[in-house]
Amino acid sequence: MLNTMAVIRWLLVALLLVYHLQEVRSGSSDHKYKPNDEVPIYANKVGPFHNPSETYRFFDLPFCLPADLKEKPEALGEVLNGDRLVSAPYKLPFMVEKDSEIVCRKKLTKEEVSKFRSAVAKDYYFQMYYDDLPFWGFLGKVEKDKTDPSEEKYYLFKHLHFEIHYNKDHVIEINAKADPSAVVDLTEDKEVDVEFMYMVRWKETTVPFDARMGKYMENGSHPHHLEIHWFSIINSCVTVLLLTGFLATILMRVLKNDFVKYAHDEEAADEQEETGWKYIHGDVFRYPKYKSLFAAALGSGTQLFSLALFIFGLALVGVFYPYNRGALFTALVVIYALTSGIAGYTAASFYHQLEGTNWVRNLLLTGCLFCGPLFLTFCFLNTVAISYTATAALPFGTIVVIVLIWTLVTSPLLVLGGIAGKNSKAEFQAPVRTTKYPREIPPLPWYRKTIPQMAMAGFLPFSAIYIELYYIFASVWGHRIYTIYSILFIVFIILLIVTAFITVALTYFQLAAEDHEWWWRSFLCGGSTGVFIYGYCLYYYYERSDMSGFMQTSFFFGYMACICYGFFLMLGMVGFRAALFFVRHIYRSIKCE
């Protein structure tokens, strides 16, 4: 096991180093320029501002084509992010100012006018990159008709103003603004003559090159937003401390009374009938039903937990700075592949402890438990994206690369981890013997059933994170920048602590009611926060966002279902591990015949 984990760690370090070196080599230059030097400018994508997943190639709209149209080679993460960079129709040499430079003169046909009008009506924006610095702008505007306020008029911007800041031989900042007075009326379905132009102004700045990304960092950490973040953290901490302290006090007091009572009972009368959680000592460690599925769920949850820790580690050291195109997606794919050995080892080892024999089926189940639903969701959503001709549709070559990673890295490591787990000498540590026949569980009130218990278990952890969820959603499904990973990590730790504690408390009350089937219950209660997060998705979509359309809706609810399912597996594993530790502890502390 140690050798396997060491290999995985070294593989991860080596791969990240290679990835970093490739990123350095892939740059078009060292970002140093002389006057009149050509600076690379690429057009990326266009799309409705309120539908971040629904983006299209820049030249899907009838803009002026450059003389030398070239596509920029993309890394895996950039393709997954929906980036499709091509040569832009503008020429912005270093420190060269221009006044009303003509891009092209064009007669728009009725079909092209209709395309532009539809884009303006849907509030389309464009994104470009200049010397690897992103900038945005809108395509046009919609105004009320002055003669008839019930009618709307659609205007296309035809004149862009570029303002570029430089420091010695480096580009520091770029902004693009449209001239609101230079527009083309697209309201009617008729051919229109248009002259696309642009202007360039250069300004010197003292901002050093190393700090040029600070502008985007500041957008994500506005003082007002920081106050809200810290307020949410303090609110969560106070709420969690009060509630968990209250539960801990009750639980410890009840447990102390139980220990005193059971010790007194043993001294007073051996023949006295046992009650409460001691009464079921012969059943509490009886293996759960569907133990292969249970072990697979633990393995997948452990892998996702490891993935989360690695991602947080990279985020805290500054790998995921704003607009580092595709870095997060690349890290997710690579680290998930390399941590599959953890899933295989955990699942096979625990399955072996539960005296399971069909370890091959267990490994297949482990490999497909999370990847299976994710793959089916991807197939459906990729088909939707293809039908929309959106950039979210992955090219065939990218799909082949992902399949190869899964085949050549994920699957072998899963099998190696499984073999190591199967051959491990670990045995299940049960402090008391399990009886041959299970005791009958007494009738329980409705609120002690699985669904009400899951509702109670998920509410407390969700209440600790729901304020921060808005900022995460606004970043993933909007245009807000999220850079405060330290706060997010604190929230994650709080989530783990609360999940573990509430699962332990509910497990105790379940055992006290003489219900010994706690294995699956603890997993389901721990993972129930994932269900609450998906419920928050409904609230966010309808109340806090302006997303619309079949593609954006299906992408939002499809991929959020996969993310929430991942949280369910990860937090379910955390809940079960905490409950197992607790149950072993209390039964080890009493004498059971």
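None of these values were measured; they are calculated from a predicted model.

Definitions and limits used
- Residues numbered from 1 in each chain as written.
- Predicted model: local features only at pLDDT ≥ 70, side-chain atom pairs only at ≥ 80, totals over all residues.
- Heavy atoms only, no water.
- Helix = DSSP H or I, 4+ residues; strand = E, 2+ residues; numbered from the N terminus.
- Buried < 20%, exposed > 50% of the residue type's maximum accessible area, 1.4 Å probe, protein only.
- Contact = heavy atoms within 4.5 Å.
- Areas by Shrake-Rupley, 256 points an atom, 1.4 Å probe, with all protein chains shown as cover.
- Disulfide = S-S within 2.5 Å.
- Patch = residues over 30% accessible without salt bridge, like charges linked within 9 Å, V, L, I, M, F, W, Y side chains within 5 Å.
- Salt bridge = Lys/Arg side-chain N within 4 Å of Asp/Glu carboxyl O.
- Core = buried A, V, L, I, M, F, W, Y, C linked by side-chain atoms within 4.5 Å.
- Pairing = 2+ DSSP bridges.
- Axes fitted to C-alpha atoms, helices over the stretch in contact; angles between N-to-C directions.
- Expected span 1.5 Å × (residues − 1).

Q: Provide a residue-level description of the overall build of the protein, including the pertinent values.
A: A tally of helices and strands in the protein yields 15 helices and twelve strands. Split into buried and exposed, the 593 residues of the protein put 50% on the buried side. Look at the contacts in the protein between residues 6 or more apart in sequence, and 79% of them connect residues 24 or more apart. Looking at the protein as shown, the accessible area adds up to about 29300 Å², and 62% of this sits on carbon and sulfur atoms.

Q: Outline the state of the cysteines, supporting the account with residue identities and numerical values.
A: Following the criterion strictly, the structure yields one disulfide and no others. Here Cys64 is linked by a disulfide to Cys104, with a sulfur-sulfur distance of 1.6 Å. Residues Cys64 and Cys104 are joined by a disulfide whose S-S torsion is about -55°; by sign, that bridge is left-handed. Taken together, the residues Cys64 in the loop between strand 2 (56-57) and helix 2 (76-80) and Cys104 in strand 4 (residues 98-108) connect sequence positions 40 residues apart. Each member of the pair, Cys64 as well as Cys104, carries the same accessibility label: buried. Unpaired in this structure, Cys371 has its nearest cysteine sulfur neighbour in Cys368, at a distance of 7.5 Å. Judged by relative accessible area, which is 15%, Cys371 ranks as buried.

Q: Quick one: what's the story with a nonpolar patch on the surface, residue by residue and with numbers?
A: Nonpolar side chains collect at one region of the surface, where Trp230, Ile234, Val238, Leu242 and Ile490 lie side by side and expose about 480 Å² of accessible area between them. The topology assignment puts Leu242 in helix 5 (residues 223-268). Accessibility expressed as a relative area gives 60% for Leu242, which makes it exposed.

Q: Any chance you could break down the nonpolar core for me, citing the residues and the numbers?
A: Within the largest apolar cluster, 90 residues are counted, with the highest numbers of intra-cluster contacts made by Phe350, Phe473, Leu511, Trp518, Phe556, Phe576 and Tyr587. Within the residue set of this core, elements represented by two or more residues are helix 5, helix 6 (291-316), helix 7 (327-338), helix 8 (340-353), helix 12 (450-476), helix 13 (485-512), helix 14 (519-544) and helix 15 (550-588). The greatest single-element share of this core, amounting to 18 residues, is contributed by helix 15. Setting aside anything within four residues of it in sequence, one finds Trp518 in contact with Val284, Thr507, Gln510, Leu511, Phe576, Ala579, Leu580 and Val583. The next biggest cluster of nonpolar side chains, apart from the first, holds 54 residues, and it includes Phe94, Phe162, Val192 and Met551.

Q: Mind laying out the sheet that holds strand 12 (residues 192-204), listing which residues take part and the relevant values?
A: Spatially, the four strands line up as an open sheet ordered 4-12-9-10, and their pairing is mixed. The strands lining the two open edges of the sheet, one partner per strand, are strand 4 and strand 10 (170-178). Taking each pair of neighbouring strands and ignoring which way they run, the sheet shows an average axis angle of 20°. Relative to strand 10, strand 9 (residues 159-167) runs antiparallel, the two being bridged by eight bridges. Pairing of Glu163 across the sheet is with Asn175, part of strand 10. Its contacts with the sheet place helix 3 (residues 110-121) against strand 4 and strand 12, and it is angled at close to 120° to strand 4.

Q: Which residues make up the environment of Tyr124, and what values do they have?
A: Assignment of secondary structure puts Tyr124 in strand 5 (residues 124-130). For Tyr124, a relative accessible area of 9% translates into the label buried. Sequence separation of Tyr124 and Gly140 is 16 residues, and the distance between their C-alpha atoms is 7.8 Å. In this view, Tyr124 contacts Val46, Gly47, Pro48, Tyr56, Leu61, Ala119, Phe138 and Leu139; residues no more than four positions away in its chain are not counted.

Q: Break down helix 8 for me, citing the residues and quoting the values.
A: Here helix 8 is 14 residues long and its end C-alpha atoms lie 20 Å apart, about the 20 Å a rise of 1.5 Å per residue gives. Counting buried residues in helix 8 gives 13 out of 14 residues, a clear majority hidden from the surface. The first or second residue beyond helix 8 is Glu355, which carries a positive phi of 65°.

Q: Go over unusual backbone geometry with me, naming the residues and quoting the values.
A: Non-glycine residue Asn36 carries a positive phi angle of around 80°. In this fold, Asn36 is placed in the loop between helix 1 (2-26) and strand 1 (41-48). In the Ramachandran plot, Lys168 falls in the positive-phi region, its phi being about 60° despite a non-glycine side chain. With respect to the helices and strands, Lys168 occurs in the loop between strand 9 and strand 10.

Q: Would you mind going over the sheet that holds strand 11 (residues 183-185) in detail, with residue names and values included?
A: With respect to topology, three strands assemble into an open sheet ordered 7-8-11, the strand pairing being antiparallel. On the outer flanks of this sheet lie strand 7 (140-144) and strand 11, each paired with one strand and no other. Adjacent strand axes in the sheet meet at a mean angle of 30°, parallel and antiparallel pairs treated alike. Two elements, strand 8 (residues 152-157) and strand 11, share three bridges in a ladder whose sense is antiparallel. Each bridged residue has a counterpart across the sheet, and for Phe157 the counterpart in strand 11 is Val183. Each of strand 7 and strand 8 touches helix 3; the most contacted strand, strand 8, lies at about 105° to it.

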